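The chain contents come next:
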There are 2 protein chains.
Amino acid sequence: MTEPAMNGAQVLISTLVELGVDSCFMNPGTSEMHFVAALDRVPAMRGVLALFEGVATGAADGYARVAGKPAATLLHLGPGLANGLANLHNARRAHTPLVNVVGDHATYHKQYDAPLESDVESLAGPMSGWLRSTTRSENLRGDVEAAVAAAWGPPGKVATLIVPADVSWLEAPTPGPVTPVGPRPRAVDGDTVEAVAKVLRSGECCGILVGGRATRREGLVPASRACNASGAKLLCETFPANLDRGAGIPPVERLGYLAEFMVAQLEGLEHLVVVDTHVPVSFFAYPGKPSYLVPEGCQVHVLAGGEDDAVGTLAALAEALGAPADGATLQAAGRPEVPSGTLTAQAAGAIIGALLPEGTIVSDESNTSGLFIPGETAGAPPHEWLTLTGGSIGQGLPVATGAAVAAPDRKVLCLEADGSAMYTFQSLWTQAREGLDVTTVIFNNGSYAVLEMELSRVGAEAGGPKARDMLDIGRPDLDFVSLAKGLGVPARRATTCEEFAEALARGLAEPGPVVIEAVVGRIF
Amino acid sequence: MTEPAMNGAQVLISTLVELGVDSCFMNPGTSEMHFVAALDRVPAMRGVLALFEGVATGAADGYARVAGKPAATLLHLGPGLANGLANLHNARRAHTPLVNVVGDHATYHKQYDAPLESDVESLAGPMSGWLRSTTRSENLRGDVEAAVAAAWGPPGKVATLIVPADVSWLEAPTPGPVTPVGPRPRAVDGDTVEAVAKVLRSGECCGILVGGRATRREGLVPASRACNASGAKLLCETFPANLDRGAGIPPVERLGYLAEFMVAQLEGLEHLVVVDTHVPVSFFAYPGKPSYLVPEGCQVHVLAGGEDDAVGTLAALAEALGAPADGATLQAAGRPEVPSGTLTAQAAGAIIGALLPEGTIVSDESNTSGLFIPGETAGAPPHEWLTLTGGSIGQGLPVATGAAVAAPDRKVLCLEADGSAMYTFQSLWTQAREGLDVTTVIFNNGSYAVLEMELSRVGAEAGGPKARDMLDIGRPDLDFVSLAKGLGVPARRATTCEEFAEALARGLAEPGPVVIEAVVGRIF
């Protein structure tokens, strides 16, 4: 008996699975029903449903940052893609490998300009590092292979594959063997390493700025060795995709979000060695202030770009500098005391630092409320820190969701600001549905506090009542306990340190999703 | 004493207000802080804050459909725009006039590829009928005038104006007088009217299909007169932007959503006269079924396109056919009985028909649960029906929100499906904040029921457990009472006709927003 022929959707899913892409975060529609139907034909593919596309794309990002391999998404036509773009933007900035499958109308149907017709390619382009529309079922397998290869990079990319409905439903040829794919970084360039080593040995004031894949332990150790051997300052990009930190891991100084902070951190540098990241620029422009923040006269040396083997290159640099194998600075263990009394953002940070379990994956979109948390958790047991790479808020909850799918045996802690939480709050439902082990802390200060700060930087006229009202999200108060309950996730509100510590300890101890609404004041 | 000079943001807002655009639905960020700050300088502009951009764009659409003039939006860079695109898609399909203001990085900042940088024009293009980036503050006033004029059309358009931060903050010249703008439809074309009248007099089987501006009472009356004078069948597009209906208004048969229904409705027609709408095509493509649904051999005659005076042309057609002034069919008054017992989607429709107040604005995104509601409300007092024009779900709650801003003295009834509600549920918070008089009915059937139907149409293999699980949104159950409470809106759950009737009567009688969760089964 021969296997019945496959249709395009079945080939698509089979090929993804054969290439190791076996989780798909989705919010499908009619044009994707053949993909959905094919899930039963390819049992190895896990489908994870989201109530909103921004949850699906953000979860795929979080999954890949933790699993170290791409997930797929499945989105419905132009509008469904549009709803997922903000978190694809963040994934793009994180250099996350992601296979973004977007259904489209049947090839012959597009000419009729039906109500849901739109220019999917134009929408996908800005957030995609690779983009292709499959026009024939026969091409699907090759196109999927190309998409997965492009996603891997390096640098990792959002690879968008647009699949018309008829390409999904028509019979496709029986697949042959696939070409295995994975990251193939460019080999260490000895000349560049030697040139940078020479700069670092010069005695001039140097800094090494790491990002991308160099923020994991295997990159931080040689970076720290190189700094210690040369006297250079070790810095990290503002928003790393996945930063290893905690006791026993080399500590790094993250560049600040505000340009003033970044300027102070970079002041006096004569050489800045850049490893798999962008040169420092201001997040936003401000009247009369510079956008390019490398100090005047400071030379920039790119040790490794996005296509390079950043980790291997750092190791080679440490060797070239004669750094001893154990020459890295390692963070000492240490936890803050648990404070008492009225809960504040700083006190919450201390409590998190006191309780954070080893191996926790932290998805951090706590914004202004989170200012103190990195300091308070610096000496906690080793953990991973996932940040808002592209600045498009609404990322923390979805990334936590995807991270928990990728690491079912580990604890995920999501640190979330109130305003940001409301963009993709639907994530909690997926967490409840999948039984994901995520403890979410929502810092409720009733305000777009970061914008309050930005408004005050705009100028003297800024403080009018109508303007301030546009930044006030405490009218009416958001009740995150009710919101979480509505999505099937148990929740508690904490207004004192004691309540917060008890709720956090319980959340971290018990499996499954839970929300803690931390009622805090604004920090400035 | 002279007025201090204005900056670009102040000129932008002043110009909008001078041109009659005095409501702005927004979710701003740092690059829009000068716009926000300028709100206090131009008191006539009303700022309405949304927690998510899809709420802002959908509300601007709903506002314009009811106010009959454009609203503005204010969105933050590419990702903020992206979050608003799905409802801009619906607005585009509704031919809604809308001035879509998108902040961008300062002109000189874009080169640095800061984290939030993206190609805003590429993202905006597919959903915009007009698109411009302002590059200098001096151009802002003219660009705003052009945007408002383009938005008016006809046809109404989404006019996207991209405003870099420095264009907002730099001083702009003192504005001169503005050129008033408004819709300027192309005048009635007598030859076309005569040619269509001749077709209608031919004795062959004819239909008149109305859409766009012809679905208001002033278009429906002459359309009905023309049909009665000629024996033609009166049809309406599937998803009108704003349909006048109820007792005393000419009833129209809306084309069905499913191609099979549409085929049956159009069967036998030899001529189809099209007024300000698209020729009938299938919403989606299906294997082996046609996309173009005009019967074979049926001639299509475009009486009025989007740029034409559709209402005046219909009046001229009625005159050309010698239709008497009182020759329109008017819907007889009549309400269904209030049923009792377990609540069903059909019973809910009857209760809505029994209670609907005169002048209600209905925002209908009830999808499969709403199948019976148009029939049950046909003889209710006159009301307006706003539908899901572009098929991108998540539109009903925002459109209701904007409609209530436009018509504070009228009742808004939002009919919402559970799955669709979850895309833009944040709308309720804006309703609470603004004290909007919206009664929202959420039909909770625990399923993407329309997709269940579509999945069953896909083929025999479709019904596997993994596939069905991707359409099941009852695991866990969504608790809309808690969700509404979390956003500051009181809510009740109804599982019987008695509970639903009482809750609806109270919601319609009392001012302010309220949610009724109607627990119903799937209708098939």
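Sequence order as written defines the numbering, with residues in each chain counted from 1. Each chain takes a letter, starting from A, and each ligand takes a number, starting from 1, following the order in which they are written. Only residues with pLDDT of at least 70 get local features here, since the model is predicted, and only at 80 or more are side-chain atom pairs given and counted; chain-wide, interface and lining totals rely on the full set of residues.

1. Regarding the interface of chain A and chain B
1) Next: Once C-beta atoms have been placed from the backbone, residue pairs whose C-beta atoms lie within 7 Å are recorded as contacts. Each partner contributes to the interface: chain A provides 84 residues, whereas chain B provides 83 residues.
2) Next: Only runs of H or I of at least four residues qualify as helices and only runs of E of at least two qualify as strands under DSSP, and these elements are numbered from the N terminus. With 8 residues, helix 4 (residues 77-94) of chain A is the single largest residue contributor to the side of chain A that touches chain B.
3) Next: Here the residues of the side of chain A that touches chain B are counted per class, giving 47 nonpolar, 24 polar and 13 charged. Only Asp, Glu, Lys and Arg are considered charged in this grouping, and only Ala, Val, Leu, Ile, Met, Phe, Trp, Tyr, Cys and Pro are considered nonpolar; every other residue, Gly among them, is considered polar.

2. What to know about the nonpolar core
1) Next: With 375 residues, the main nonpolar core has Ala226 of chain A together with Ala226 of chain B as its most contacted residues.
2) Next: Apart from the residues lying within four places of it in its own chain, the contact partners of Ala226 of chain A are Leu200, Ile208, Ala232, Leu314, Leu317, Ala318, Leu321 and Ala323 of chain A.
3) Next: The nonpolar core is taken to be a set of buried Ala, Val, Leu, Ile, Met, Phe, Trp, Tyr and Cys residues joined by way of C-beta atoms within 7 Å. Burial in this document is a count-based property: other C-beta atoms within 10 Å of a residue's C-beta are tallied, and the residue is buried at 20 or more, exposed at 12 or fewer, or partly exposed in between, with C-beta positions derived from the backbone. Membership of the second largest hydrophobic core comes to 7 residues, among which are Ala106 of chain A together with Phe283, Phe284 and Ala285 of chain B.

3. Some details on the relation of the copies chain A and chain B
1) Next: For these two chains of identical sequence, chain A goes onto chain B by a turn of 180 degrees and a shift of 0.0 Å along the axis, with RMSD 0.0 Å. Such a combination of turn and shift is consistent with a two-fold rotation axis.
2) Next: In this assembly, 99% of the residues forming the interface of chain A have copies in chain B that are likewise at the interface, indicating an isologous arrangement. Least-squares superposition of the copies uses the C-alpha atoms of those residues scoring a pLDDT of at least 70 in each of them.

4. Examining the pairing of strand 19 (residues 491-494) of chain A
Every regular strand shows the same layout, with side chains that alternate between the two sheet faces.
Residues and elements named next belong to chain A.
1) Next: A pair of strands counts as paired when DSSP detects no fewer than two bridges linking them. As defined by bridge partners, strand 19 adjoins strand 20 (residues 514-519) across 4 bridges and the pair is classed as parallel. Following the sheet pairing, Ala494 is matched in strand 20 by Ala518.
2) Next: Looking down the strands as they point away from the viewer, one classifies a crossover as right-handed if the path from the first strand across the helix to the second runs clockwise. After leaving strand 19, the chain enters helix 20 (residues 497-509) and then returns to the sheet as strand 20, a path that is right-handed.

5. A few points about the domain arrangement of chain A
Residue and element names in this part refer to chain A.
1) Next: Taken domain by domain, chain A consists of domain 1 (6-172), domain 2 (190-320) and domain 3 (345-519).
2) Next: The domain boundaries here were taken from an automatic or database domain assignment. Here the C-alpha centre of domain 3 lies 29 Å away from the C-alpha centre of domain 2.
3) Next: The partner domain 3 presents 14 residues to the 14 residues of domain 2 that form the contact.

6. Describing helix 9 (residues 217-230) of chain B
All names here are of chain B.
1) Next: In this model, helix 9 (14 residues) spans 20 Å end to end at C-alpha, consistent with the 20 Å of a helix rising 1.5 Å per residue.
2) Next: Within helix 9, 11 of the 14 residues are buried, which leaves the element mostly enclosed by the surrounding structure.
3) Next: Where helix 9 is concerned, the buried positions are Gly219, Leu220, Val221, Pro222, Ala223, Ser224, Arg225, Ala226, Cys227, Ala229 and Ser230.
4) Next: For helix 9, the elements touching its buried residues are helix 8 (190-200), strand 9 (206-210), strand 10 (233-236), strand 11 (243-245) and helix 11 (310-320).
5) Next: Gly231, located one to two residues past helix 9, shows a positive phi value of around 85 degrees. An expected span of 1.5 Å times one less than the residue number is assigned to each helix.

7. Overview of the packing of helix 12 (residues 345-355) of chain A against helix 20 of chain A
Residues and elements named next belong to chain A.
1) Next: Axes here mean lines fitted to C-alpha atoms, for a helix over just the part in contact, with angles spanning 0 to 180 degrees between N-to-C directions. Helix 20 packs onto helix 12 with a crossing angle of 35 degrees between their chain directions and a minimal axis gap of 10 Å. Judged by the twist between their axes, the crossing of helix 12 over helix 20 is right-handed. Judged by residue contacts, Ala347, Ala348, Ile351, Ile352 and Leu355 of helix 12 engage Cys497, Phe500, Ala501, Leu504, Ala505 and Leu508 from helix 20.
2) Next: Residue composition of the contact of helix 12 with helix 20, by class: 11 nonpolar, no polar and no charged. Take the far helix as your reference; a near helix turned counterclockwise from it by less than a right angle gives a left-handed crossing, and one turned clockwise gives a right-handed crossing.

8. Things to note about the packing of helix 9 of chain B against helix 11 of chain B
Residues and elements named next belong to chain B.
1) Next: Interaxial distance between helix 9 and helix 11 falls to 8 Å at its minimum, and their mutual angle equals 25 degrees. On the basis of the axis angle, helix 9 is roughly parallel to helix 11. Considering how the two elements wind past one another, helix 9 and helix 11 form a crossing that is left-handed. On the side of helix 9, the interface is formed by Glu218, Gly219, Pro222, Ala223, Arg225, Ala226 and Ala229, while helix 11 contributes Ala310, Val311, Leu314, Ala315, Leu317 and Ala318. Note that the term roughly parallel is reserved for angles under 35 degrees, roughly antiparallel for angles over 145, roughly perpendicular for angles of 65 to 115, and oblique for everything else.

9. Quick look at the sheet that holds strand 9 (residues 206-210) of chain A
Residue and element names in this part refer to chain A.
1) Next: Spatially, the 5 strands line up as an open sheet ordered 12-10-9-13-14, and their pairing is parallel. Two strands bound the open sheet, and with one partner strand each, they are strand 12 (253-254) and strand 14 (299-304).
2) Next: Note that strand 10 (residues 233-236) and strand 12 share 2 bridges and pair parallel. Along strand 12, the bridge assignment pairs Cys236 with Arg254.
3) Next: In the packing of helix 9 (residues 217-230) onto the sheet, contacts are made with strand 9 and strand 10, and the angle to strand 9 comes to roughly 175 degrees.
4) Next: Contacting strand 13 (271-275) and strand 14, helix 11 (residues 310-320) crosses the sheet at an angle of about 115 degrees to strand 14.

10. Describing unusual backbone geometry
1) Next: Following Gly153 of chain B, the chain continues to Pro154 of chain B via a peptide bond in cis, the omega torsion being 0 degrees.
2) Next: Tracing the chain through its elements places Pro154 of chain B in the loop between helix 6 (140-152) and strand 7 (158-164).
3) Next: Residues Pro154 of chain B and Pro155 of chain B are joined by a peptide bond in cis, for which omega reads -5 degrees.
4) Next: Relative to the elements of secondary structure, Pro155 of chain B occurs in the loop between helix 6 and strand 7.
5) Next: With a phi angle near 55 degrees, Asp276 of chain A is a residue other than glycine that sits in the positive phi range.
6) Next: Within the secondary structure, Asp276 of chain A sits in the loop between strand 13 and strand 14.
7) Next: With 29 C-beta atoms counted inside 10 Å, the residue Asp276 of chain A sits in the buried group.

11. Considerations on the pairing of strand 20 of chain A
Residue and element names in this part refer to chain A.
1) Next: Of all 6 residues in strand 20, 6 are buried; the element is thus mostly enclosed.
2) Next: Of the two faces of strand 20, the one carrying Val514, Ile516 and Ala518 and the one carrying Val515, Glu517 and Val519 are both buried.
3) Next: Judged from the 6 bridges that link them, strand 18 (residues 438-444) and strand 20 form a sheet pairing that is parallel. Residue pairing in the sheet places Thr440 in a bridge with Val515 of strand 20.

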